[in-house]
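The chain contents come next:
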2 protein chains.
Amino acid sequence: MACKNCETKPVIILPNSAVSHCKQCFFKYFEKKVNKVINQYKLIEEEDHIGVAVSGGKDSTTLLYLLNKHIKKRRGIKLSAIAIDEGIQGYRDKSLDFIKKFCKEQEVDLKIFSYEKEFGKSLDNIMKTFKGVPCSVCGVFRRNILNKKAKELNFTKLATGHNLDDEAQTILMNYFRRNIKASSRLGPITGVLKTRDFVKRIKPLYFLTEKEIATYAFLKGFMDEFNECPYSKDSYRNRLREVINDFDNKYPGTKYNIIYSFLEILPLLKSEYKNELNYCKTCGEPCSRPKCKSCEYVETLIKP
Amino acid sequence: MACKNCETKPVIILPNSAVSHCKQCFFKYFEKKVNKVINQYKLIEEEDHIGVAVSGGKDSTTLLYLLNKHIKKRRGIKLSAIAIDEGIQGYRDKSLDFIKKFCKEQEVDLKIFSYEKEFGKSLDNIMKTFKGVPCSVCGVFRRNILNKKAKELNFTKLATGHNLDDEAQTILMNYFRRNIKASSRLGPITGVLKTRDFVKRIKPLYFLTEKEIATYAFLKGFMDEFNECPYSKDSYRNRLREVINDFDNKYPGTKYNIIYSFLEILPLLKSEYKNELNYCKTCGEPCSRPKCKSCEYVETLIKP
């Protein structure tokens, strides 16, 4: 089956519509989808200083590339990249080299912050004694740094590489774990709070699947191989990924349906859960309890 | 592990709490849960005439037995049973015999209505030419008869044997198929419409799992074997059943979490979707389009 637009040899069959695309038409399709969500949800506004959270993976690399392309067509918008060095030997050191190189090529300013410097210990070091799930402490520390530094660096928005698959998994995860309130903070743009407290998150890859992004990143030659974090064993999320992929294979459109079902409910959730936050007594960052999880981890894992 | 209450030999370990129960304590637990949902959601009110939709299966048999027991403790409430004869040889004939016997024992008045008489053809007959999914036409015809006859028989509520597993499956099914509006009509009691149009549905077994009901029905000696409809091949629902059971085995409480997550959202859905209905131009029954699906099937499958 040839490309639906230009009869060239196709590189991808879109999972939802069974439409074939050649390389150039796929790029067009992909970029149009990113621009559409940016415009529709007003992800980027005049005078914005967008910080892109980059990990060196296919999602955030694609995101940085496309946002850099996007802002060239608009005036007065600034773009920076922010990376976190968790301190994972054999993984993060490699990806940081890649990130530095890529940001240089893209002429985007990059700031790197490490767990070592911010909290006093690398993740490798923490994991020598911590017997829990690495992703839980790592996620808390990463979000803490991202939010703090986004404010310090005067970002008006923080862009992340979350894709359609990620979001569908999180939606179901919150449903299965009775954590509906957390879902009220999902969607292509979040930020019920004032900018002072919490920099708005935007997800320009919201409507693109993992497969589409992997194809795009591969065809653009961003990377030859996809590295995975050696600690990544979020079995709950992985199980949900399998379930959703199974259903989507058998009943094409399921992933999109989950997202569109959710977007139908999201405004109701947003008006129900106002997400009023407290401030951590120790660090002053916004959080939902008297002390933030990050300070709790610092006290128990770093300086016990 | 002995029964948590009386140290007798246990018959069941409750999936969610890992608590063991002996036969008598399990009956108490089970019946308490049914009475609780009846009281909490006001499923049965003074002067009600409850029609119980019975199929001869474990759920509706348990339901009829328990509602009959329940109303004996309350005044002025009437109970009847209603069964549908779809015309499925080797299956429905057997279960109708069982239903007649059971209703006689329980001293509950039973009315039986058949597809043959109401629509002109049995399901077996329809399936000789119909190449679609049997459950879709059967579900439409069954709901049509139940609603029409419930009104004719002056039922104020129609009780069905839907259990926690059924509801969890339907919730996810509507999510996966982008049919959130349909979910606004779920819950332990439905009936946004006036009684004149649509008899309220109640689901007293709402918080009981399939396993608990099967155990109850078996221990009460209602039936020796569970028959399944020979046409039952709802692969979508069956796949979801497997997924939910898998998660619930691995992460106990998942089924309950799905239900409680949903019940958190349900009031929002109910106020968002007012469920204003049209009336079928052919039969006058409430429906969402100009002509109801039942009349459409009659025209295409029965009298083409």
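The residue numbering used here restarts from 1 in each chain and proceeds along that chain's sequence as written. Chain labels run from A onward and ligand labels from 1 onward, assigned in the order the entries are written. Only residues with pLDDT of at least 70 get local features here, since the model is predicted, and only at 80 or more are side-chain atom pairs given and counted; chain-wide, interface and lining totals rely on the full set of residues.

(A) Highlighting the sheet that holds strand β8 (residues 200–202) of chain A. Residues and elements named next belong to chain A. Think of it this way: DSSP has to see at least two bridges between two strands before they count as a pair. The numbering of helices and of strands both runs from the N terminus, where a helix is a DSSP run of H or I of at least 4 residues and a strand a run of E of at least 2. The six strands lie next to each other as β5-β4-β3-β6-β8-β7, forming an open sheet whose pairing is mixed. The sheet is open, and its two borders are formed by β5 (109–114) and β7 (189–190), each paired with just one other strand. The pairing of strand β4 (residues 78–85) with β5 spans six bridges and is parallel. Each residue of the ladder has a partner; that of A81, found in β5, is L110.

(B) Just the relation of the copies chain A and chain B, in detail. Copies overlap after least-squares fitting; the atoms used are the C-alpha atoms of residues with pLDDT of at least 70 in both. Structural alignment of chain A on chain B gives an RMSD of 0.0 Å, achieved by rotating through 180° and translating 0.0 Å along the axis. Overall, the copies show the geometry of a two-fold rotation axis. Within chain A, the C-alpha atom positioned nearest to the axis of rotation is that of L268 of chain A, 3.2 Å from it. Interface residue correspondence from chain A to chain B reaches 100%, placing this contact among same-surface, isologous pairings. We call two residues in contact if the C-beta atoms placed from their backbones are at most 7 Å apart.

(C) Here's a closer look at the sheet that holds strand β5 (residues 109–114) of chain B. All names here are of chain B. Read from one edge to the other, the open sheet built from six strands follows the order β5-β4-β3-β6-β8-β7, with strand pairing classed as mixed. Strands with a single pairing partner mark the edges of an open sheet, and in this sheet they are β5 and β7 (189–190). Pairing between strand β3 (residues 49–53) and strand β6 (residues 157–159): three bridges, direction parallel. Across the sheet, the residue bridging to I50 is K157, located in β6. Across the sheet, helix α2 (residues 58–72) lies against β3, β4 (78–85) and β6, angled at about 160° from β3, the strand it touches most. All axes are obtained by fitting lines to C-alpha atoms, using only the stretch in contact for helices, and the reported angles, taken between N-to-C directions, cover 0 to 180 degrees. Relative to the sheet, helix α3 (residues 92–106) contacts β4 and β5, its axis offset from that of β4 by approximately 165°.

(D) Spatial organisation of the interface of chain A and chain B. Taken together, the 16 residues of chain A in the interface contact 16 residues of chain B. Among the secondary structure elements, those contributing two or more residues to the side of chain A that touches chain B are α7 (164–176), α10 (235–250) and α11 (254–272) of chain A. Broken down by element, the side of chain A that touches chain B gets its largest block of residues, nine residues, from α11 of chain A. Grouping the amino acids of the side of chain A that touches chain B by side-chain chemistry returns nine nonpolar, three polar and four charged. Residue classes follow a fixed rule: Ala, Val, Leu, Ile, Met, Phe, Trp, Tyr, Cys and Pro count as nonpolar, while Asp, Glu, Lys and Arg count as charged, and any other residue, Gly among them, counts as polar.

(E) Region of interest: the confidence of the model for chain A. Residues and elements named next belong to chain A. Each residue gets a pLDDT score, which is the predictor's confidence in that residue and runs from 0 to 100. When pLDDT is averaged along chain A, the result is 90, and 95% of the positions lie at 70 or above. Here strand β1 (residues 12–13) stands out as the element of chain A with the lowest mean pLDDT, 79, in contrast to β5, whose mean of 98 is the highest. For this predicted complex, the interface score ipTM comes out at 0.90, alongside a pTM of 0.92.

(F) View of unusual backbone geometry. Despite not being glycine, E47 of chain A has its phi angle at roughly 75°, a positive value. Structurally, the position occupied by E47 of chain A is in the loop between α1 (23–40) and β3 (49–54). Even without glycine at this site, N154 of chain B takes up a positive phi of about 60°. The topology assignment puts N154 of chain B in the loop between α6 (134–152) and β6.

(G) Summary view of α3 of chain B. Residues and elements named next belong to chain B. Here the expected span of a helix is defined as 1.5 Å times the quantity of residues minus one. Between its first and last C-alpha atoms α3 spans 20 Å; for 15 residues at 1.5 Å apiece the expected length is 21 Å, and the two agree. All buried positions along α3 are accounted for by R92, S95, I99, F102 and C103. For α3, the arc enclosing every buried residue in end-on projection is 95°, short of the 170-degree limit, so these residues lie on one face. Within α3, the exposed residues directed more than 90 degrees away from the buried face are D93, D97, K101, K104 and E105. Tucked inside the fold, the buried residues of α3 contact α2, β4 and β5. Positive phi appears at E107, one or two residues downstream of α3, with a value of about 55°. Our exposure labels follow a C-beta count within 10 Å of each residue's own C-beta, placed from the backbone: buried means 20 or more other C-beta atoms, exposed means 12 or fewer, and partly exposed covers the counts in between. Along the arc lie the directions from the helix axis toward the C-beta atoms.

(H) Highlighting the environment of K291 of chain B. Residues and elements named next belong to chain B. Tracing the sequence through the fold places K291 in the loop between β10 (286–287) and α12 (293–302). The class of K291 is partly exposed, set by 14 C-beta atoms lying within 10 Å. Taking the C-alpha atoms as reference points, K291 and C280, separated by eleven residues in sequence, lie 4.5 Å from one another. Every residue in contact with K291, bar those within four places of it in the chain, is listed here: C280, K281, T282 and E296.

(I) Structural context of the pairing of β4 of chain B. Residues and elements named next belong to chain B. Within β4, six of the eight residues are buried, which leaves the element mostly enclosed by the surrounding structure. The pairing of β3 with β4 spans five bridges and is parallel. Bridge pairing links V52 to A81 in β4. For the handedness criterion, the strands are oriented away from the viewer, and a crossover whose path from the first strand over the helix to the second runs clockwise is classed as right-handed. Regarding topology, α2 serves as the crossover connection from β3 to the parallel β4, and that connection is right-handed. For the crossover that starts at β4, traverses α3 and ends in the parallel β5, the hand is right-handed.

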